Amino acid sequence: MTFENNKAVVAVYPGSFDPVTYGHLDLIARGAMIFDRLIVAVAPNLDKDALFPAKERVEMLEAVTFGRKNVEVDMFDGLLMEYARSKGARVVLRGIRAVSDYEYELQMAMMNRKIEPGIETVFMMPGEAYSYVSSRLVRELARLHGPIQGLVPPIVEERLRAKVS
Ligand code: PNS
């Protein structure tokens, strides 16, 4: 995908990814098909009850995106828009699963546009099989020793089990 100026389009896909789920991976695959370069950017979720340290979230993302040529994994601190600008990104990619995601995402997209009008937020929908999968529910299931197979890649499953055992 290129705009009129023929420059490669860099997109940042930010999130907590605590941990990465098959829903995130589905979105990464969709984003990688459209954008020239996709940077999956892990934000340390300061105000949340994080299960994995940011470094470990990055490691898991690197493992599950290995081999995808136009996808890279990074970590950022501070304002998303400053980070996206520093990477030369034209797009911030976010996933919307259900209407319930929309209000928060709209608010965030508008605020981000105010901070940096030159970067567009693009929303994509994960496959319907993942429309109910969230990191928060996966963490909860894992903590309660519930079934997490099919929700996260095997390497994440292993780390989740080790974490809560
Ligand atoms: O996966 P999440 O937790 O829904 O991701 C939220 C995230 C990390 C994208 C958002 O909290 C964020 O952009 N944080 C960085 C700080 C920032 O720029 N805040 C202003 C957002 S309007």
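Look above for the structure.
Fair warning: this is a prediction, and the values are worked out from it, not measured in the lab. Here the residue index of a chain counts from 1 through its sequence in written order. Where local features are concerned, this predicted model is filtered to residues with pLDDT of at least 70; where side-chain atom pairs are given and counted, the filter is 80 or more; whole-chain, interface and lining totals use all residues. Think of the side-chain values as coming from all heavy atoms in the structure, minus any hydrogens and water.

S.K.: Hey, could you run me through a nonpolar patch on the surface in this one?
M.R.: The residues that make up patches have over 30% relative accessible area and no salt bridge, and they are joined within 9 Å when like-charged or within 5 Å when they are Val, Leu, Ile, Met, Phe, Trp or Tyr. Surface accessibility follows the Shrake-Rupley procedure with a 1.4 Å probe radius. Residue values consider only the protein chains on display as shielding. What counts as a salt bridge is simple: a side-chain nitrogen of Lys or Arg found within 4 Å of a carboxyl oxygen of Asp or Glu. A surface patch of nonpolar side chains, about 400 Å² in accessible area, is lined by Val99, Tyr102, Leu106 and Met110. The way it works is that DSSP assigns letters per residue, a run of H or I at least four long becomes a helix, a run of E at least two long becomes a strand, and they are numbered from the N terminus. Structurally, the position occupied by Tyr102 is in helix H4 (residues 99–115).

S.K.: So what exactly am I meant to see when it comes to the packing of helix H2 (residues 54–65) against helix H6 (residues 154–164) here?
M.R.: A pair of packed helices can be characterised by two numbers: the angle between their axes and the separation between those axes. Axis definition: a line fitted to C-alpha atoms, over the contacting stretch in the case of helices. Angles run 0 to 180 degrees between N-to-C directions. Contact pair H2 / H6: the axes reach a minimum separation of 10 Å and the direction vectors enclose 155°. Considering their axes alone, H2 and H6 lie roughly antiparallel with respect to each other. For the pair H2 and H6, the contacting residues are Glu56, Glu59, Met60, Ala63 and Val64 in the first and Ile155, Val156, Arg159 and Lys163 in the second. Here the residues of the contact of H2 with H6 are counted per class, giving 5 nonpolar, no polar and 4 charged. Each angle gets one of four labels, with under 35 degrees taken as roughly parallel, over 145 as roughly antiparallel, 65 to 115 as roughly perpendicular, and the rest as oblique. Contacts between residues were defined by any pair of non-hydrogen atoms, one from each residue, lying within 4.5 Å. Gly is put with the polar residues, along with every residue not named as nonpolar or charged; the nonpolar set is Ala, Val, Leu, Ile, Met, Phe, Trp, Tyr, Cys and Pro, and the charged set is Asp, Glu, Lys and Arg.

S.K.: What is the right way to read the nonpolar core from this model?
M.R.: Proteins that are soluble and globular tend to have nonpolar side chains buried together. Side-chain atoms within 4.5 Å link the members of a nonpolar core, which is a set of buried Ala, Val, Leu, Ile, Met, Phe, Trp, Tyr and Cys residues. Note on classification: 1.4 Å probe, protein chains only; a residue is buried when its accessible area is under 20% of the maximum for its type, exposed when over 50%, partly exposed between these limits. Residues Tyr13, Ile28, Leu61 and Leu160 are the most contacted members of the largest nonpolar core, which totals 34 residues. Elements represented by at least two residues in this core include exactly strand E1 (10–15), helix H1 (22–34), strand E2 (37–42), H2, strand E3 (71–75), strand E4 (91–95), helix H5 (135–143) and H6. For this core, the element with the most residues is H2, which contributes 5 residues. Contact partners of Leu61, with chain neighbours within four places excluded, come to Phe17, Val20, Ile28, Val40, Val42 and Val73.

S.K.: Help me understand the sheet that holds E4 in this model?
M.R.: To summarise the sheet geometry, strands pair through backbone hydrogen bonds and adopt either a parallel or an antiparallel arrangement. Strand pairing requires that DSSP identify at least two bridges connecting the strands. Strand order in the open sheet formed by 5 strands is E3-E2-E1-E4-E5, with parallel pairing between adjacent strands. One side of each edge strand has no neighbouring strand; the edge strands of this open sheet are E3 and strand E5 (120–124). Sheet twist, expressed as the average angle between the axes of neighbouring strands with direction ignored, equals 30°. Both E1 and E2 contribute to a ladder of 6 bridges, which runs parallel. Considered in E2, the bridge of Ala11 is made with Leu38. Along the sheet, H2 makes contact with E2 and E3, crossing E3 at roughly 175°.

S.K.: How should the pattern of salt bridges be read in this particular structure?
M.R.: Think of it this way: side chains of opposite charge can pair up when their charged atoms draw near. By the definition in use, this model includes 15 salt bridges. Ionic pairing is found between Asp74 and Lys87, a salt bridge with its closest N-O pair at 3.6 Å. Separated by 13 residues along the polypeptide, Asp74 in strand E3 and Lys87 in the loop between helix H3 (80–86) and E4 bring together distant segments of the chain. Residue class for Lys87 comes out partly exposed when judged on its relative accessible area of 30%. The partner of Arg85 in a salt bridge is Glu116, with the nearest N and O atoms 2.6 Å apart. Here Arg85, found in helix H3, pairs with Glu116, found in the loop between H4 and E5; they are 31 residues apart in sequence, far enough to count as distant. One continuous salt-bridge network, built from bridges that share partners, spans Lys55, Glu56, Glu59, Arg159 and Lys163.

S.K.: Honestly, H2 in this entry has me stumped. Any pointers?
M.R.: Since there are 3.6 residues in each turn of an α-helix, residues three or four apart along the chain are aligned in direction. Multiplying 1.5 Å by the helix residue count minus one yields the expected span of that helix. With 12 residues, H2 extends 16 Å from end C-alpha to end C-alpha; this agrees with the ideal 16 Å at 1.5 Å per step. Those residues of H2 that fall on the buried side of the exposure criterion are Ala54, Glu56, Arg57, Val58, Met60, Leu61, Val64 and Thr65.

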